[in-house]
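# Examination of the molecular architecture
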Amino acid sequence: MTYAITQTCCSDATCVAVCPVNCIHPTPQERAFGSTEMLYVDPGSCIDCGACADACPVDAILPVDSLSAAQQEYAAINAAYFAGQEPDPGDTGPNFHRWSAPSFERSLPSDFAPIRVAVVGTGPAGMYAAEDLLLHTNAEVTLVDRLPVAGGLVRYGVAPDHPATKKVGDTFARFHAHPRVRMHLGVEIGKDITAAELAAHHDAVIYAVGASTDRRIGIPGEELPGSISATTFVAWYNAHPEVAPDAIDLSSERVVVAGNGNVALDVARILVADPSALAGTDIADHALTTLRASKVREVVLLGRRGPEHAAYSASELLALKHLPGVELLVDDHDPRTGATIDGATPDEKAELLRGVTRETVDWSRTPAPGRRIVFRFHSAPVQVLGDDTVRAVRVTEGPGELDIPAGTLLRAVGYRGVPVAGLPFDEATGTVPHQGGRVTGMPGTYVVGWIKRGPSGGIGANRACAAETVGTLLDDAVAGALPAPASAPRAFLRLARSRSRNVVDAKGLAAIDRAELARGRDGGRPRVKFGTVPELVTAAKGSRWKPSS
């Protein structure tokens with residue numbers, strides 16, 4: 001028997017580090033690392049020790065003989081990655097592989113004095129950086145977030161029907177109450193406290209603020225009510241306090257989604273999923289209520305190019321194919337689409353659409369009975385039509401154009417970083433200019449995650465990104481290049497509390513967690529989130545939430 005890595009793989013390579021036979025690839029030392037959609041277990045060299053499964057933070061690694069029907073394909077996907085590869089001639093034993101020479105990328109002097117580092121942002125990028133500092137140095141870490149609750153992308157960006165992916169948050173949560181951590185949630189840098197003030201209280205500051213807004217399509221009518229960013233939709237169903245419960249209207253039968261990346265598939269899946277299945281997740285209460293009353297029966301995914309260039313991962317498409325009660329359809333309007341699917345080899349993404357029904361859709365008709373997702377490749381939006389709200393989306397149709405009636409357009413064409421007051425910003429890339437994570441022209445200031453490299457890579461990609469940034473910071477610390485703090489450690493706490501009435505510390509965060517879990521138990525769900533800042537702050541201050549009797 002062997003193990004296989006499945007859909008929820010986060011690619012942070014924790015499993016690689018514990019494998020005694022080097023059967024998981026690509027490793028961080030290999031060129032393909034970061035460019036493949038997931039990691040893979042070689043069935044030819046796996047010894048069934050289970051170390052990788054124990055270490056996986058998102059429960060993505062399972063014995064092949066225990067895979068569910070929907071997961072069976074992953075045994076073949078893992079094996080296919082290694083097909084045709086010659087075994088490493090250095091692997092001479094059945095249990096242990098030939099290790100490369102030891103490498104020590106960091107070297108801290110024995111008398112390295114503790115440094116104070118602020119990390120702005122408590123999503124995966126920020127927490128990987130904090131974890132690195134806490135496990136490998138004697139640094140004191142200040143965690144800062146503009147929201148009065150921690151989690152970032154894990155809390156507000158992962159779809160509620162992907163609970164395994166959310167488990168990486170448990171890995172980060174163990175550092176929230178670390179003895180060398182001070183937490184100041186509900187404090188916005190650039191508004192409550194300036195970047196200069198934050199820097200004055202710390203030896204170094206790492207900004208992990210992500211890419212919090214969406215890219216624009218740039219077409220007429222894009223600003224009409226009913227034209228919504230996928231960023232907003234995802235935040236809405238995840239109970240983000242900055243998105244109103246009534247922000248989404250699902251009163252039309254058809255929704256058009258511009259884009260075909262993983263976020264596009266996420267929103268499409270949530271729109272047509274059975275609400276009773278979502279009722280067992282941590283989806284926002286208001287979203288569950290709206291979805292139960294939703295009239296949406298058809299979601300159209302627009303892809304500007306062909307299926308061979310689709311941005312979604314194979315694992316996300318496979319999950320969509322197993323969605324109960326939902327039909328998948330490929331609009332066969334362009335002959336290139338069918339030809340590409342039929343000619344695809346087993347290792348190509350387009351091959352996964354073989355067997356999916358193909359037909360030329362008559363868009364003048366109302367959606368067919370049932371629930372379905374339509375893939376429409378070689379088609380891009382050119383205009384949003386409507387007076388007071390969206391009524392149709394005009395798209396390319398070969399050399400011409402076609403109107404697809406719809407009441408909602410969801411724009412899922414990517415995320416974009418926003419400027420942080422006091423830091424330089426590159427408008428073209430939506431990132432902060434840097435060298436190895438070191439912000440250009442600002443000694444002691446660093447970036448990590450999407451604000452550093454742009455909106456690419458999933459949760460696990462931030463681990464290697466954080467390692468680079470922390471390595472650069474420590475090089476500067478050893479070289480004496482960090483400016484010394486001008487204030488005592490507790491002075492920042494006084495400053496934060498004087499500027500914001502919503503400051504939440506580690507004890508307050510734990511209180512929020514207990515209250516949300518209690519609400520979940522009362523409703524038979526894993527968690528019911530508080531959806532507003534006042535609710536979060538009230539829970540943090542110990543005002544007990546009492547479940548109904």
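Computed from a predicted model, the values in this text were never measured in an experiment.

### A short note on the side chain of His378
Residue position: His378 is located in the loop between β15 (371-376) and β16 (381-385). We classify His378 as buried; its relative accessible area is 13%. A polar atom in the side chain of His378 sits 3.4 Å from the side chain of Arg336. Excluding residues that lie within four positions of it along the chain, His378 makes contacts with Gly303, Arg304, Arg305, Gly306, His333, Asp334, Arg336, Thr337 and Thr396.

### Observations concerning the pairing of strand β11 (residues 254-258)
Of all the 5 residues making up β11, 5 are buried; the element is thus mostly covered by neighbouring parts of the structure. Of the two faces of β11, the one lined by Arg254, Val256 and Ala258 and the one lined by Val255 and Val257 are each fully buried. Both β11 and strand β12 (residues 298-302) contribute to a ladder of 5 bridges, which runs parallel. Across the sheet, the residue bridging to Arg254 is Glu298, located in β12.

### A few points about the packing of aromatic side chains
The tally for this structure, following the rule as stated, stands at 8 aromatic pairs. Consider the rings of Tyr81 and Phe82, whose centres lie 5.2 Å apart with planes at 85°: the pair is edge-to-face. For the pair Tyr415 and Trp450, a centre-to-centre distance of 5.5 Å together with 45° between the ring planes defines the contact as tilted. Here Trp450 lies in helix α15 (residues 450-453) and Tyr415 lies in strand β20 (residues 415-416), a separation of 35 residues in the sequence. Residue class for Tyr415 comes out buried when judged on its relative accessible area of 18%. By relative accessible area, which is 17% here, Trp450 ends up buried. The structure contains a cluster of three or more aromatic residues connected by ring pairs, namely Tyr40, Tyr81 and Phe82.

Scoring rules and cut-offs
Residues numbered from 1 in each chain as written. Predicted model: local features only at pLDDT ≥ 70, side-chain atom pairs only at ≥ 80, totals over all residues. Heavy atoms only, no water. Helix = DSSP H or I, 4+ residues; strand = E, 2+ residues; numbered from the N terminus. Buried < 20%, exposed > 50% of the residue type's maximum accessible area, 1.4 Å probe, protein only. Polar contact = N/O pair within 3.5 Å; in protein donor to acceptor, adjacent residues only side chain to side chain. Contact = heavy atoms within 4.5 Å. Pairing = 2+ DSSP bridges. Phe/Tyr/Trp six-rings, centres within 6.5 Å; stacked < 30°, edge-to-face > 60°.

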